[in-house]
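# Descriptive analysis of the structure
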Amino acid sequence: MEQQKRIGIIGGGLAGIFAARQLLAEGYAVEVIEKSQSVGGRMATRRINQGTADHGAVFFTVRTDELAQEVDEWLEKGWIRKWFGDDFPRYIAVNGMNQLVQSIANEIPVYLNEQVEQIISDEPGLQTISSEQTRTYDAILVTAPVPQAYDLFKASPLTLVETDHARLEKVTFEPTFVGLFELQEAFDIGEFGLLDEGLVSGMLKIVNNAQKEVSTTPLLSVYMTGDWSEAWYDKGEDKTLTEIEQLLQKQLGPVKIISKQLKRWRYAQARDVFHTPYLKLDRHPVWLAGDAFLDPQDTSGRTRVESAVISGLRVAAALDTHFKQLTNV
Ligand SMILES: Cc1cc2nc3c(=O)[nH]c(=O)nc-3n(C[C@H](O)[C@H](O)[C@H](O)COP(=O)(O)OP(=O)(O)OC[C@H]3O[C@@H](n4cnc5c(N)ncnc54)[C@H](O)[C@@H]3O)c2cc1C
């Protein structure tokens, strides 16, 4: 009997979790390795005192039948709800975006707090090396943001050919800083709790997590633009947070802030994207997927929740085809 193929997935964000779920359903032995203490990646939520704030993805929209089907199920299970909008409604997760991914990943084997530092070719398979563990697989899928994936490959004794370098070099990501501010009193931001127009220079959007019904306390997530975040990247946390607070006061007028925190995303959004839903390294059974790998049908041109989901599903299908072709040879 053919031995079950082992697939290691580096990164427990949406792309990794959707790929894992699909491959498990196809009968593969799948493990997700995640460096953080929880799955979710940029679907990120922080508890602050009695409140809750999303500080990565704010909402998601749906253009594909595949995500629409998932959304119907999640609505039925009460995991998400429609926030607002008619043509392309904006959906949010009722207990914060991170909890949605945790719910989806419930039955997937995941190793948390494990950062893969190297991938080693152990023909015909591969090994992942972290400070604590060595794991052996027939194929590896990397779903870290492309610059992090490329750094991992360069730190590994793998053979990268010129086309691998050319493709991976071309995609850069921009940072996003998010200030999290707990207010003393409720303060409405527009009708739904989202302000993304007419903002002071450097500010991208303000989200009120209480109006989003994610938080029981008034918690604002203040998203700064990529250019602003880049310019402030090395200026120190306290100074940066004070500056965001001043800009917030300028925008909203005086508000009483009782606590504040900063989240610095080094790799928030891709500046350029691939118009292919995944890549494979030329010389190794190593695949790459994630939000920067867009389906050719995706005309949005942007990294987003849906692009991560679709990339995860497409790469899982590609891995399945790969192994089926090998067994038919
Ligand atoms: C501030 C911000 C706001 C956003 N707003 C929206 C929005 O409103 N709507 C929308 O649709 N999208 C939004 N997005 C984009 C959306 O969150 C992403 O497109 C999507 O979540 C990416 O999923 P992913 O699986 O491709 O990557 P990620 O979520 O980044 O997952 C990659 C995972 O790999 C892990 N990892 C990396 N390296 C290693 C390693 N060496 N070993 C082990 N694990 C590793 C990381 O910890 C991470 O969990 C936003 C993103 C940010 C940052």
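Just so we're clear, the structure is a prediction, and the values are computed from it rather than from any experiment.

Now for the nonpolar core. One broad trend across soluble globular proteins is that nonpolar side chains are buried collectively. With 43 residues, the main nonpolar core has Ile9, Phe60 and Trp74 as its most contacted residues. When contributions to this core are tallied by element, the ones reaching two or more residues are β1 (6-10), α1 (14-25), β2 (29-33), α2 (65-77), β6 (90-93), α3 (97-104), β11 (139-142) and α8 (305-328). For this core, the element with the most residues is α8, which contributes 10 residues. When neighbours within four sequence positions are excluded, phenylalanine 60 is seen to be in contact with Leu67, Val71, Trp74, Ile80, Pro89, Arg90, Tyr91, Met97, Leu100 and Val305. Grouped together as the second largest cluster of nonpolar side chains are 28 residues, Ile33, Ile140, Val142 and Ala149 included.

Let's shift gears to the sheet that holds strand β13 (residues 194-195). What the five strands build is an open sheet, ordered β13-β14-β15-β12-β16; its pairing is antiparallel. Every other strand in the sheet has two partners, leaving β13 and β16 (257-270) as the edge strands with one partner each. Where strand β12 (residues 173-183) and strand β15 (residues 219-224) come together, five bridges link them in antiparallel fashion. When the sheet's bridge partners are listed, glutamate 182 is paired in β15 with leucine 219. Contacting β12, β13, β14 (203-208), β15 and β16, helix α7 (residues 237-252) crosses the sheet at an angle of about 105 degrees to β16.

This part covers the site of the ligand. Not every one of the 35 residues close to the ligand is listed here, only the nearest: Glu34, Arg42, Phe59, Asp291 and Val305. At 2.6 Å, a side-chain N or O of glutamate 34 approaches an oxygen atom of the ligand. When isolated, the ligand has an accessible area of 1,000 Å², and the protein chains bury 92% of it. Put simply, the parts of the chain that give the shell around the ligand at least two residues each are α1, β16 and α8. Tallied by class, the residues present in the shell around the ligand amount to 16 nonpolar, 13 polar and six charged. Counting residues domain by domain, the shell around the ligand receives three or more from each of domain 1 (6-40 + 105-172 + 271-328) and domain 2 (173-270).

Moving on, we come to the layout of surface pockets. Reported here for the second largest pocket is a volume of approximately 270 Å³. For the lining of the second largest pocket, the secondary-structure elements that each account for two or more residues are β8 (118-122), β9 (125-129), β10 (134-137) and α8. Tallying contributions element by element places α8 first for the lining of the second largest pocket, with three residues. When the residues that make up the lining of the second largest pocket are grouped by side-chain class, the tally is six nonpolar, five polar and seven charged.

Position of histidine 322 relative to the elements: it lies in helix α8. Look at histidine 322 and you get partly exposed, because its relative accessible area is 23%. Spatially, the C-alpha atom of histidine 322 lies 20 Å from that of threonine 128, the residues being 194 residues apart in sequence.

With that out of the way, let us pick up the pattern of salt bridges. Should the charged atoms of two oppositely charged side chains come close, the side chains can pair. On inspection of all chains with the given rule, the structure shows 18 salt bridges. Residue glutamate 70 pairs with arginine 21 through a salt bridge whose shortest N-O separation is 2.5 Å. With glutamate 70 in helix α2 and arginine 21 in helix α1, this pair connects stretches of sequence that are 49 residues apart. With a relative accessible area of 11%, glutamate 70 lands in the buried category. When its relative accessible area of 29% is taken as the criterion, arginine 21 is described as partly exposed. When salt bridges with common partners are traced through the structure, they connect Glu26, Asp320 and Lys324 into a single cluster.

Our next topic: the side chain of threonine 303. Tracing the backbone through its elements, the reader meets threonine 303 in the loop between β18 (286-288) and α8. Within the structure, the side chain of threonine 303 is placed 3.3 Å from the backbone nitrogen of alanine 270, a separation counted as a polar contact. The contacts of threonine 303, once residues within four sequence positions are left out, are Gln269, Ala270, Val273, Asp291 and Ala292.

Under the domain assignment used here, the chain contains domain 1 (6-40 + 105-172 + 271-328) and domain 2 (173-270). Domain 1 puts 14 residues into the contact, and the matching count from domain 2 is seven residues. For the pair domain 1 and domain 2, the summed buried area comes to about 820 Å², and 53% of that belongs to carbon and sulfur atoms. Along the contact surface separating domain 1 from domain 2 lie two salt bridges. A salt bridge links arginine 271 to glutamate 174, with the shortest nitrogen-to-oxygen separation between them at 4.0 Å. In this assembly, domain 1 and domain 2 are joined by three residue pairs in polar contact (both at pLDDT 80 or more). A breakdown of the residues in the side of domain 1 that touches domain 2 according to their chemical character gives six nonpolar, three polar and five charged.

About the criteria used
Residues numbered from 1 in each chain as written. Predicted model: local features only at pLDDT ≥ 70, side-chain atom pairs only at ≥ 80, totals over all residues. Heavy atoms only, no water. Core = buried A, V, L, I, M, F, W, Y, C linked by side-chain atoms within 4.5 Å. Buried < 20%, exposed > 50% of the residue type's maximum accessible area, 1.4 Å probe, protein only. Helix = DSSP H or I, 4+ residues; strand = E, 2+ residues; numbered from the N terminus. Contact = heavy atoms within 4.5 Å. Pairing = 2+ DSSP bridges. Axes fitted to C-alpha atoms, helices over the stretch in contact; angles between N-to-C directions. Near = heavy atom within 4 Å. Polar contact = N/O pair within 3.5 Å; in protein donor to acceptor, adjacent residues only side chain to side chain. Areas by Shrake-Rupley, 256 points an atom, 1.4 Å probe, with all protein chains shown as cover. Nonpolar A, V, L, I, M, F, W, Y, C, P; charged D, E, K, R; others polar. Domains from an automatic or database assignment. 1 Å grid on protein atoms, 1.4 Å probe; cavity = no way out; pocket = protein on both sides within 12 Å on 5 of 7 lines; lining within 4 Å. Points joined across faces, edges and corners; volume = space filled by probe spheres on them. Salt bridge = Lys/Arg side-chain N within 4 Å of Asp/Glu carboxyl O. Buried area = accessible area lost by both parts, 1.4 Å probe.

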